[in-house]
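A structural walkthrough
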Amino acid sequence: MTRYSAFAVVKNALTGHKGWREQWPDAEPKKEYDVIIVGAGGHGLGAAYYLAREHGITNVAVIDKGWLGGGNTGRNTTIIRSNYLYDESAKLYDHALDLWDGLSQELNYNVMFSRRGVMMLAHNVHDVQSFQRHVHSNRLNGVDNRWLSPEEAKAFCPPLNISKDARYPVMGAALQMRAGTARHDAVAWGYARAAAARGVDIIQNCPVIAIRRGPDGAVTGVDTAKGFIGAKKVAVSAAGHTSVVMQSAGVRMPLESFPLQALVSEPVKPVFPCVVMSNTVHAYISQSDKGELVIGSGTDQYTSYSQRGGLPLIEHTVAAICEVFPIFNRMRMLRKWGGIVDVTPDRSAIIGKTPVKNLFVNCGWGTGGFKATPGAAHTLAHTVATGEPHPINAPFTLDRFRTGRLIDEAAAAAVAH
Ligand SMILES: Cc1cc2nc3c(=O)[nH]c(=O)nc-3n(C[C@H](O)[C@H](O)[C@H](O)COP(=O)(O)OP(=O)(O)OC[C@H]3O[C@@H](n4cnc5c(N)ncnc54)[C@H](O)[C@@H]3O)c2cc1C
């Protein structure tokens, strides 16, 4: 694997950039693997990397129906934070945040993690009470989060409209300074490159059609567009398509799949220093390093696999952004897109074992799994390698929908980007 360094950049600049090697080979499937991971998003690729690095398991294939990172990993608005209400969630997302901190150095790939602060706006009394409860709960869990008055919020983010006449008046905000954004594609590419360098096969353009089980009910491999591929263990990390893939193994998942949309504006000079989220008006915004405003919307009202989403939601989102940030009234929007997110009834993820022997699942990240990428991948790898949950993902079982031990972030926050 080529090591990226200032020296390598200078050397290649002087030699016509002919010395760069491919970042990962496009592998053809072997007959059998120790582990097959379905889905080459950040979570699947990351799990393959941690399987190889932490557990010495390198006979691994990550299989994707399209190109790696082409699912929600390459479609999200890149918000990273860990200020969730419940202890279980705070631990999981803060574990991810710890891993984000050193990820560029670890992968020798610049994932552009930027701790610019995420500010969540309160527009009514309920928001104020709810976010202040988050601040207290987060502090008890050692997660940074503090309460700002409207004036302090404006000082932190000057384009914010704090006029009392606004349709959505700002009554305060919760600010997590350790939170921020990262470059989503680079996360997939960095994990892919580092996993491939350790011997992991990355197989693209190869839909998994079904998970196959033997006479004892245990997993034996997967049927794919390139034929049957044997596996001792299979982990499904297929986001919006998880329920379809799992159904082929006879496992019914408590998931619904919705389109979630985002859009970007024309690029402008740096005007927006942080990330701002408003759960009440259902819009969130940051500025990319290219200068585009990156704006996220809510999920569509209906389930679908269309990867497009409805225009009314975009209109609503843009109207809300203009209300909260009138400075952007005349910005032109360049493009919009959608991804299919997998939503559980309590809006918390599922990472762990399934009723099928040697079949594991990582899903239910809904609108907010990008921020969890390193943490989800790390704990999934542990579970697959050892057959037992990591203490951090232990509460995020599939079984909780039977036992009732929910982690109800839906009731706590309503949205979870
Ligand atoms: C518009 C939008 C905005 C978002 N904003 C944020 C945000 O700001 N912050 C945040 O934390 N999260 C956000 N999210 C959510 C986040 O993107 C996801 O939770 C996260 O990227 C999931 O990663 P993943 O690796 O599990 O899934 P994906 O990246 O979707 O990877 C799953 C892969 O599985 C593959 N696959 C599916 N079916 C099959 C099959 N049968 N065979 C083979 N391969 C298959 C797909 O092609 C895909 O590449 C957003 C999502 C969207 C859509």
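The name given to the protein in an unreviewed UniProt entry is Sarcosine oxidase subunit beta, with the source organism recorded as Limimaricola pyoseonensis. Here the protein is described in UniProt, under the heading Sequence similarities (unreviewed entry), as follows: "Belongs to the SoxB family."

Here we come to the site of the ligand. In the vicinity of the ligand, 37 residues are found, and the nearest of them are Asp64, Asn72, Thr73, Thr77 and Lys371. Contact distances for the ligand include 3.4 Å between an oxygen atom and a side-chain N or O atom of Asn76. At a separation of 2.9 Å, an oxygen atom of the ligand approaches a polar backbone atom of Gly369. For the ligand, whose accessible area on its own is 1,000 Å², the fraction buried by protein is 96%. More than half of the atoms belonging to the ligand lie within 2 Å of the grid points that define the largest pocket.

Approximately 930 Å³ is the volume attributed to the largest pocket. As for the largest pocket, its lining consists of 50 residues, of which Gly71, Asn72, Thr73, Ala238 and Ala239 are closest to the centre. The set of elements that each furnish at least two residues to the lining of the largest pocket consists of α2 (42-55), α7 (242-247), β12 (256-267) and β16 (333-343). Counting residues per element, the lining of the largest pocket draws most heavily on β16, at four residues. Taken together, the residues of the lining of the largest pocket break down into 19 nonpolar, 26 polar and five charged. Three or more residues apiece are contributed to the lining of the largest pocket by two domains, here domain 1 (24-78 + 184-254 + 346-403) and domain 2 (114-180 + 256-343). Computed from the structure, the second largest pocket encloses a volume of approximately 440 Å³. Around the second largest pocket sit 21 residues that line it, and Arg183, His184, Ser288, Lys290 and Val294 are the ones nearest its centre. Secondary-structure elements contributing two or more residues to the lining of the second largest pocket are α6 (184-197), β14 (283-287), β15 (292-299) and β16. In terms of residue class, the lining of the second largest pocket is made up of five nonpolar, nine polar and seven charged. Among the domains, domain 1 (24-78 + 184-254 + 346-403) and domain 2 (114-180 + 256-343) are the pair contributing at least three residues each to the lining of the second largest pocket.

For the structure on display, the rule yields 12 aromatic pairs. With centroids separated by 5.0 Å and ring planes inclined at 65°, the aromatic side chains of Tyr49 and Tyr50 adopt a geometry described as edge-to-face. Taken together, the ring pairs connect Tyr4, Trp20 and Tyr109 into an aromatic cluster. Seen from the ring of Tyr84, Arg81 lies directly overhead, with NZ or CZ sitting 4.5 Å from the centre.

Rules used in this analysis
Residues numbered from 1 in each chain as written. Predicted model: local features only at pLDDT ≥ 70, side-chain atom pairs only at ≥ 80, totals over all residues. Heavy atoms only, no water. UniProt positions renumbered as here; feature names shortened; annotations may be inferred. Near = heavy atom within 4 Å. Polar contact = N/O pair within 3.5 Å; in protein donor to acceptor, adjacent residues only side chain to side chain. Areas by Shrake-Rupley, 256 points an atom, 1.4 Å probe, with all protein chains shown as cover. 1 Å grid on protein atoms, 1.4 Å probe; cavity = no way out; pocket = protein on both sides within 12 Å on 5 of 7 lines; lining within 4 Å. Sits in = over half its atoms within 2 Å of the grid points. Points joined across faces, edges and corners; volume = space filled by probe spheres on them. Helix = DSSP H or I, 4+ residues; strand = E, 2+ residues; numbered from the N terminus. Nonpolar A, V, L, I, M, F, W, Y, C, P; charged D, E, K, R; others polar. Domains from an automatic or database assignment. Phe/Tyr/Trp six-rings, centres within 6.5 Å; stacked < 30°, edge-to-face > 60°. Lys NZ or Arg CZ within 6 Å of the ring centre and 35° of its normal.

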